[in-house]
Amino acid sequence: MASAEIPTVSLNNGTTIPQLGFGVYQVPPDETERAVLTAFEAGYRHIDTAQMYQNEAGVGRALRSSGLAREDVYITTKLNNDSHEPAVARAALEQSLRELDVEQVDLFLIHWPLPTRYGGDYVSTWRTLTELAAEGKAASVGVSNFHPEHLKRIVDETGIVPAINQIEVHPYLTNEEARLASGRLDVAVEAWSPIAQGAVLDDPVLVELAEKYGKTPAQVTLRWHIERGDIIFPKSVTPERVKENADIFDFSLTADEVNRITGLDKGEEGRTGPNPDTFDWIPGA
Ligand code: NAD
């Protein structure tokens, strides 16, 4: 699959991002270079990592050994939960740039709002990220796991709208409220755990549609995200699956089929990760 087939999404700051990328959550540090190289070979040009994943250096090594030009690969990283204080956030991004061996990341996100930590002040953290963007350390900045009220607060208090909100979205947690709140502010949505770490793949609706199109339930689910306009980066360390997850641009679902999949939503019961309102984990704390 040629990377030219992967559509791009335009962000509110005039930049673009490939709609399909490769996520490296839970990829062990010593396997990351190989996994990312496999993704590059399959045509991916967008890598989603985080300081918390401890594998940014492997992403950097893959970028160098691939021989790809820096401007041809979109790299996202995210601020760790122990680094929200402005001076610490600045140092953390500098460390990421060293690990990744790049001068600028394409996208830097606040990983979690942590409303019960830091005196509830994720606004200063957001302001710091906007300063880092102005200084050229990140081409775009945004947030992750922000509920509508978190998003509203940073925009109200700083007047600066994030480029992206990366949130959990899949057929069992369609997260419409957060998607719509993001869309109203012209914030692009990234859907993390797009196949719910595999939990949706036995669903009869997805199995039926997979049979109809000669695709797998994973491919049908990923195609559903693409048609809803969300940005995705499924993760796999199995080369066949890495290729399979990118082979989703030669078929399309009807509007009714997209709605049927959206109708599988289980609300909070479908959530696989923590709720951002209460999640307060800090490494080493
Ligand atoms: P995912 O939904 O991408 O599922 C990954 C798992 O599904 C794999 O480990 C594998 O077991 C299985 N799988 C992958 N492809 C398959 C296929 N074709 N057929 C069958 N099984 C398959 O879950 P994820 O890794 O949690 O999410 C994707 C990315 O989203 C992460 O790597 C990370 O970059 C990002 N993420 C962000 C946050 C956040 O808080 N911002 C949280 C979780 C994940």
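Residues numbered from 1 in each chain as written. Predicted model: local features only at pLDDT ≥ 70, side-chain atom pairs only at ≥ 80, totals over all residues. Heavy atoms only, no water.

Per an unreviewed UniProt entry, the protein carries the name 2,5-diketo-D-gluconate reductase A and comes from Nocardioides zeae.

*Asks:* Just checking my understanding: could you explain the packing of helix α7 (residues 204–213) against helix α8 (residues 217–228) for this structure?
*Replies:* When two helices pack together, their arrangement is given by the angle between the helix axes and the distance between those axes. One way to put it is that α7 packs onto α8 with a least axis distance of 8 Å and a crossing angle of 100°. Accordingly, the angle class assigned to the pair α7 and α8 is roughly perpendicular. Residues Leu 206, Val 207, Leu 209 and Ala 210 of α7 pack against Pro 217, Val 220 and Thr 221 of α8. Classifying every residue of the contact of α7 with α8 by side-chain character gives six nonpolar, one polar and no charged. (Axes fitted to C-alpha atoms, helices over the stretch in contact; angles between N-to-C directions. Helix = DSSP H or I, 4+ residues; strand = E, 2+ residues; numbered from the N terminus. Parallel < 35°, antiparallel > 145°, perpendicular 65-115°, else oblique. Contact = heavy atoms within 4.5 Å. Nonpolar A, V, L, I, M, F, W, Y, C, P; charged D, E, K, R; others polar.)

*Asks:* Whenever I open this one, unusual backbone geometry confuses me. Can you help?
*Replies:* With the exception of glycine, most residues fall at negative phi, and the peptide bonds are largely trans. Even without being glycine, Tyr 118 reaches a positive phi, approximately 50°. For Tyr 118, the location among the structural elements is in the loop between β6 (105–110) and α4 (123–134). With relative accessibility at 26%, the residue Tyr 118 sits in the partly exposed group. Phi is positive for Ala 196, which is not a glycine, with a value near 55°. Of note, Ala 196 is situated in the loop between β9 (188–192) and α7. Overall, the relative accessible area of 4% leaves Ala 196 in the buried class. (Buried < 20%, exposed > 50% of the residue type's maximum accessible area, 1.4 Å probe, protein only.)

*Asks:* Even after reading the chapter, I still don't get the packing of aromatic side chains, so can you show me in this structure?
*Replies:* Any pair of aromatic rings gets described here by the distance separating the centres and the angle formed by the planes. Evaluated as defined, the whole model comprises six aromatic pairs. The structure contains a cluster of three or more aromatic residues connected by ring pairs, namely Trp 112, Trp 192 and Phe 279. A cation over an aromatic ring shows up here: Arg 153 above the ring of Tyr 122, its NZ or CZ 4.7 Å from the ring centre. Over the ring of Tyr 172 we find Lys 266; its NZ or CZ atom is 4.2 Å from the centre of that ring. (Phe/Tyr/Trp six-rings, centres within 6.5 Å; stacked < 30°, edge-to-face > 60°. Lys NZ or Arg CZ within 6 Å of the ring centre and 35° of its normal.)

*Asks:* I keep staring at empty space enclosed by the protein and nothing clicks. Help me out?
*Replies:* The gaps of empty space that remain are located by a probe, the size of a water molecule, rolled over the atoms. Here the structure, examined in full by the defined rule, presents one cavity of 30 Å³ or more. Put simply, the largest cavity is a space of about 60 Å³. Asn 145, Phe 146, His 147, Ile 167, Glu 168, Asn 175, Ala 178, Trp 192, Arg 271 and Pro 276 together form the lining of the largest cavity. Of the residues in the lining of the largest cavity, the class split is five nonpolar, three polar and two charged. (1 Å grid on protein atoms, 1.4 Å probe; cavity = no way out; pocket = protein on both sides within 12 Å on 5 of 7 lines; lining within 4 Å. Points joined across faces, edges and corners; volume = space filled by probe spheres on them.)

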